[in-house]
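Here is how the chains run, residue by residue.
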Amino acid sequence: MGEFDLIARYFARAGAVSGSSGSTGSTVALGIGDDCAVLTPAPGHQWLVSTDMLVEGRHFLSTVSPRRLGHKALAVNLSDLAACGGTPRACFLSLALPRVDETFLAGFSEGLFSLADAHGVVLAGGDTTAGPLNINITIMGEVPQGQALLRSGARVDDDLWVSGTLGDARLALEVFRGTVSLPGEAFEAVRQAMELPQPRVALGRALRGLATSAIDVSDGLAGDLGHILRRSGVGARLHLADLPRSAILGAMPEDLQRLCLLTGGDDYELVFTAPAQDRSRVMEAAQASATPVYRIGRIESQPGLRVVDGEGRELDLALQSFDHFKS
Ligand SMILES: [Mg+2]
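Rules used in this analysis
- Residues numbered from 1 in each chain as written.
- Predicted model: local features only at pLDDT ≥ 70, side-chain atom pairs only at ≥ 80, totals over all residues.
- Heavy atoms only, no water.
- Donors = N, O, S within 2.8 Å, 3.2 Å for Na, K, Ca; no water.
- Helix = DSSP H or I, 4+ residues; strand = E, 2+ residues; numbered from the N terminus.
- Buried < 20%, exposed > 50% of the residue type's maximum accessible area, 1.4 Å probe, protein only.
- Pairing = 2+ DSSP bridges.
- Axes fitted to C-alpha atoms, helices over the stretch in contact; angles between N-to-C directions.
- Contact = heavy atoms within 4.5 Å.
- Parallel < 35°, antiparallel > 145°, perpendicular 65-115°, else oblique.
- Left-handed = near helix turned anticlockwise from the far one by under 90°.
- Nonpolar A, V, L, I, M, F, W, Y, C, P; charged D, E, K, R; others polar.
- Core = buried A, V, L, I, M, F, W, Y, C linked by side-chain atoms within 4.5 Å.
- Domains from an automatic or database assignment.
- UniProt positions renumbered as here; feature names shortened; annotations may be inferred.
- Polar contact = N/O pair within 3.5 Å; in protein donor to acceptor, adjacent residues only side chain to side chain.
- Salt bridge = Lys/Arg side-chain N within 4 Å of Asp/Glu carboxyl O.

## Brief notes about the coordination of the magnesium ion
The magnesium ion binds to the protein through Asp 80 (OD) and Asp 216 (OD); the donor distances cover 2.1 Å. Within this pair, whereas Asp 80 is found in helix 3 (residues 66-83), its partner Asp 216 is found in strand 9 (residues 213-216), the two being separated by 136 residues in sequence. Take Asp 216: its relative accessible area is 3%, and that puts it in the buried class.

## What to know about the sheet that holds strand 4 (residues 45-55)
What the four strands build is an open sheet, ordered 4-7-5-6; its pairing is mixed. If you trace the sheet from one side to the other, it starts and ends with strand 4 and strand 6 (122-130), each paired once. Across the sheet, the axes of successive neighbouring strands diverge by a mean angle of 15°, strand direction being ignored. Pairing of strand 4 with strand 7 (residues 134-144) involves eleven bridges; the strand directions are antiparallel. Each residue of the ladder has a partner; that of Trp 47, found in strand 7, is Glu 142. Contacts from helix 3 reach strand 4, strand 5 (87-97) and strand 7 within the one sheet, and its direction differs from that of strand 7 by about 35°.

## So, the packing of helix 5 (residues 168-177) against helix 6 (residues 184-195)
In a packed pair of helices, the relevant descriptors are the angle between the two axes and the axis-to-axis distance. Two elements in contact, helix 5 and helix 6, have axes whose closest approach is 7 Å; the angle formed by their N-to-C orientations is 115°. Taken as axis vectors, helix 5 and helix 6 run roughly perpendicular relative to one another. Here helix 5 runs over helix 6; the crossing is left-handed. Residues Asp 168, Ala 169, Leu 171, Ala 172, Leu 173, Val 175 and Phe 176 of helix 5 touch helix 6, and the partners they reach there are Phe 187, Val 190, Arg 191, Ala 193, Met 194 and Glu 195. A breakdown of the residues in the contact of helix 5 with helix 6 according to their chemical character gives ten nonpolar, no polar and three charged.

## Things to note about the nonpolar core
If you look at the biggest cluster of nonpolar residues, it comprises 51 residues, and the most contacted ones within it are Phe 11, Leu 69, Leu 74, Phe 108, Ile 135 and Phe 272. Tallying contributions element by element places helix 3 first for this core, with nine residues. Counting contributing residues, this core receives three or more from each of domain 1 (3-144) and domain 2 (159-308). What Ile 135 contacts, discounting residues up to four positions off in sequence, is Asp 52, Met 53, Leu 54, Phe 60, Leu 69, Ala 73, Leu 93, Ser 94, Leu 95 and Phe 108.

## Re the UniProt feature "binding site: Mg(2+) 2" (unreviewed entry) in the protein
Within the UniProt annotation, "binding site: Mg(2+) 2" (unreviewed entry) is assigned to Asp 52 and Asp 80. A compact arrangement is adopted by the annotated residues: their sequence extent is 29 residues, whereas the largest C-alpha distance between any two is 9.0 Å. Mapped onto the elements, Asp 52 comes out in strand 4. Given a relative accessible area of 24%, Asp 52 falls into the partly exposed group. Setting aside chain neighbours within four positions, we find Asp 52 in contact with Val 76, Asn 77, Asp 80, Ile 135, Asn 136 and Ile 137. Aside from chain neighbours lying at most four places away, what touches Asp 80 is Ser 50, Asp 52 and Asp 216.

## Section: the UniProt feature "binding site: substrate" (unreviewed entry) in the protein
Mapped onto the present numbering, the UniProt feature "binding site: substrate" (unreviewed entry) falls at His 59, Asp 266 and Phe 322. Mapping Asp 266 onto the fold places it in the loop between helix 10 (254-263) and strand 11 (270-274). When neighbours within four sequence positions are excluded, Asp 266 is seen to be in contact with Lys 72, Ala 169, Ala 193, Met 194, Val 217 and Ser 218. Separated by 2.7 Å, the side chains of Asp 266 and Lys 72 make a polar contact.

## A few points about the pattern of salt bridges
Within the structure shown, the criterion is met by 20 salt bridges. Between Asp 266 and Lys 72 there is a salt bridge, with the nearest N and O atoms lying 2.7 Å from each other. In this pair, Asp 266 is assigned in the loop between helix 10 and strand 11 and Lys 72 in helix 3, connecting sequence segments 194 residues apart. You'll find Asp 266 and Lys 72 in the same group, each marked buried. Linking Glu 174 and Arg 177 is a salt bridge whose minimum nitrogen-to-oxygen distance equals 3.1 Å. Taken together, the residues span about one helical turn, with Glu 174 and Arg 177 both in helix 5 at a distance of three residues. Bridged by salt links that share partners, the residues Asp 157, Arg 237, Arg 298, Glu 300, Arg 306 and Glu 314 form one connected network.

In structure tokens, the structure reads:
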């Protein structure tokens, strides 16, 4: 058996060969074991497909445990699916490894499968090769015909919402960079936000037919919200004081809070818009999906993003989205 057959052993599970994935009737008719996977969509549904690549040093630090890395590699893909209101079904893993490291593979596959099982996702195929550590996952999910949440539907006077809290992952990164120091317990909490993000799949599904637009916050709130604004041809007013943050981040200096909240990235929360008359329906969707949501601003006709402080003063911020090609 070759060394990369050994890798396959960590990822080929009996359940991945064939299995039904739920009440809507879509099926992974054939997963790992042939030249292609064979997937059958549920009647009246559309496939959503997204892919995300993680490169060491760029998207994760070498200090992350293999188990958490396996979790995060799938979580960032699930987050994209969540942003579109999709129900996850199948994923595909392409993995380049410098050498066959069974400790790494055992932890990585454990983290990946634990999250996959929690969301009913089947690993239906993939590829492995020798090379610098590089993880690529493609995910497929489904949504009832025409119900995908898109970036393009925000309308003037819509409320602007965000789930969870923002900025902890960036705060953890600053600790790793040595620009901030935190006591051990607080560091572990923000490190967990960075390494173990929980994709908002249930919220995304609950927002179908309710949110007018949505995106997940992967590159920072300001940058990701900017995608909604441009695609929708609108602008927004954001209230800095209303941005949800952990007690740990809330105790940091104001400028650091702003940096983490607005441009931090790696949050994997959902930012979305909905008509103001649907506030109670949004709160019901949040409750049904056990996900906290907060109203953080409003959509306006004037293009661009305006951030106002507690006194209503517009902040002059050189807002910048996290750029993967800048160090
Ligand atoms: Mg995204």
